[in-house]
Amino acid sequence: MTRAAAAGGLVLAALLTGACGGEKPRDTVRLKVEAAPDYMRPSTQAGPETEALSEDARATIAELRDIIDSNSLTRLTRFADRQPSFISNFAGASHREHWDLLRRTGFDPILRMEGLLDGPYGTRIVGGETWYVWPELAALDAEELRPERLNFRQRARLEELVGEAGIAEIRKGSGYPGVRMAIASDGRWLYYVHERQNEE
């Protein structure tokens, strides 16, 4: 055995002796573990179930995406005019007037709609039929939407979508205050709005 090996063996023996009772055992350190705050826990409440899009809804989305690709506000308006009871605003303006005004203020209705359709959707049952709602958080009722009722991921998503000002409105009892749209399971395009009024 070499000197280096012998020295290593002595060091190892000394360490083992200390660990196995050669020294007085140290006091055990006890850590107090507290429960995670509510907003970091997964939500235990049942939100609107996300079900697969119906064939008619997929057909409507395909037509909307074709309009998005053409970037034509005229085509978007014609499509909206063909939808029974479609809502684009609550001020009584025509769809074209409303969307033209939005474009002049820097809000591109076609670009924003593309962003909505690229994101997740939620579902809700209204009058016995399924509505597919974008973004997914807009499918929640006002009480379900309160930040303390959401999990951490949902809260982060809500802040990303509506900002602190929108969250403040929700805390006052408002429904989802951001841009949102819905398509019924029979393919009807129901609404594409940004005003804060109950669209049901």
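Draft legend 1. Structural view of the side chain of Arg 157. Along the chain, Arg 157 falls in helix H7 (residues 152-171). Beyond its immediate chain neighbours, meaning those up to four positions away, Arg 157 contacts Pro 120, Pro 135, Glu 136 and Leu 137.

Draft legend 2. Representation of helix H3 (residues 73-81) in the model. When H3 is considered as a whole, its buried residues turn out to be Leu 73, Leu 76, Thr 77, Phe 79 and Ala 80. Along the long axis of H3, the arc covered by the buried residues comes to 165°, so they all point the same way. For H3, the exposed residues lying more than 90 degrees away from the buried face are Arg 78 and Asp 81. Buried residues along H3 sit in contact with helix H2 (55-70), helix H4 (95-104), helix H5 (109-118) and strand S4 (189-193).

Draft legend 3. Structural detail: the pairing of strand S2 (residues 129-134). With five of six residues buried, S2 is to be regarded as a mostly interior element. Here strand S1 (residues 122-126) runs beside S2; their pairing, made up of five bridges, is antiparallel. Paired with Thr 123 across the strands is Tyr 132, a residue of S2. For S2 and strand S3 (residues 180-184), the ladder comprises four bridges, and the chain directions are antiparallel. Residue pairing across strands places Trp 131 opposite Ala 184, the latter belonging to S3.

Draft legend 4. Up close: the sheet that holds S4. Here four strands make up an open sheet; going across it, the order is S1-S2-S3-S4 and the pairing antiparallel. Of all strands in the sheet, those with a lone pairing partner are S1 and S4, marking the two edges. Each adjacent strand pair in this sheet contributes to an overall mean axis angle of 20°, direction not counted. Each of S2, S3 and S4 is contacted by H5, which is oriented at about 115° to S4, the strand it contacts most.

Draft legend 5. Expanded view of the packing of aromatic side chains. Overall, the coordinates contain nine aromatic pairs when judged by the stated rule. Between Trp 99 and Tyr 192, the ring centres sit 6.4 Å apart and the planes meet at 45°, which makes this aromatic pair tilted. Placement of Trp 99 in helix H4 and of Tyr 192 in strand S4 is noted, with a sequence separation of 93 residues between them. Both residues of the pair, Trp 99 and Tyr 192, count as buried.

Draft legend 6. Structural detail: the pattern of salt bridges. What the rule picks out here adds up to 13 salt bridges. When the shortest N-O distance is used, the salt bridge between Arg 96 and Asp 100 registers 3.1 Å. Here the residue Arg 96 and the residue Asp 100 both occupy positions in helix H4, the gap between them amounting to four residues, near one helical turn. On the accessibility criterion, Arg 96 (31% relative accessible area) is partly exposed. Across the salt bridge formed by Asp 186 and Arg 188, the nearest N and O atoms sit 2.8 Å from each other. A relative accessible area of 39% places Asp 186 in the partly exposed class. Residues joined in a network through salt bridges with shared partners are Glu 129, Asp 186 and Arg 188.

Draft legend 7. Up close: empty space enclosed by the protein. The full count for this structure, using the stated rule, is one cavity of 30 Å³ or more. Taken as a whole, the largest cavity holds about 40 Å³ of empty space. In terms of lining, the largest cavity is formed by Trp 99, Leu 102, Phe 107, Pro 109, Val 179, Tyr 192, Val 193 and His 194. At the level of elements, H4 and S4 are the ones that each hand at least two residues to the lining of the largest cavity. In terms of residue class, the lining of the largest cavity is built from seven nonpolar, one polar and no charged.

Thresholds, definitions, all that
Residues numbered from 1 in each chain as written. Predicted model: local features only at pLDDT ≥ 70, side-chain atom pairs only at ≥ 80, totals over all residues. Heavy atoms only, no water. Helix = DSSP H or I, 4+ residues; strand = E, 2+ residues; numbered from the N terminus. Contact = heavy atoms within 4.5 Å. Buried < 20%, exposed > 50% of the residue type's maximum accessible area, 1.4 Å probe, protein only. Arc of directions from axis to C-beta. Pairing = 2+ DSSP bridges. Axes fitted to C-alpha atoms, helices over the stretch in contact; angles between N-to-C directions. Phe/Tyr/Trp six-rings, centres within 6.5 Å; stacked < 30°, edge-to-face > 60°. Salt bridge = Lys/Arg side-chain N within 4 Å of Asp/Glu carboxyl O. 1 Å grid on protein atoms, 1.4 Å probe; cavity = no way out; pocket = protein on both sides within 12 Å on 5 of 7 lines; lining within 4 Å. Points joined across faces, edges and corners; volume = space filled by probe spheres on them. Nonpolar A, V, L, I, M, F, W, Y, C, P; charged D, E, K, R; others polar.

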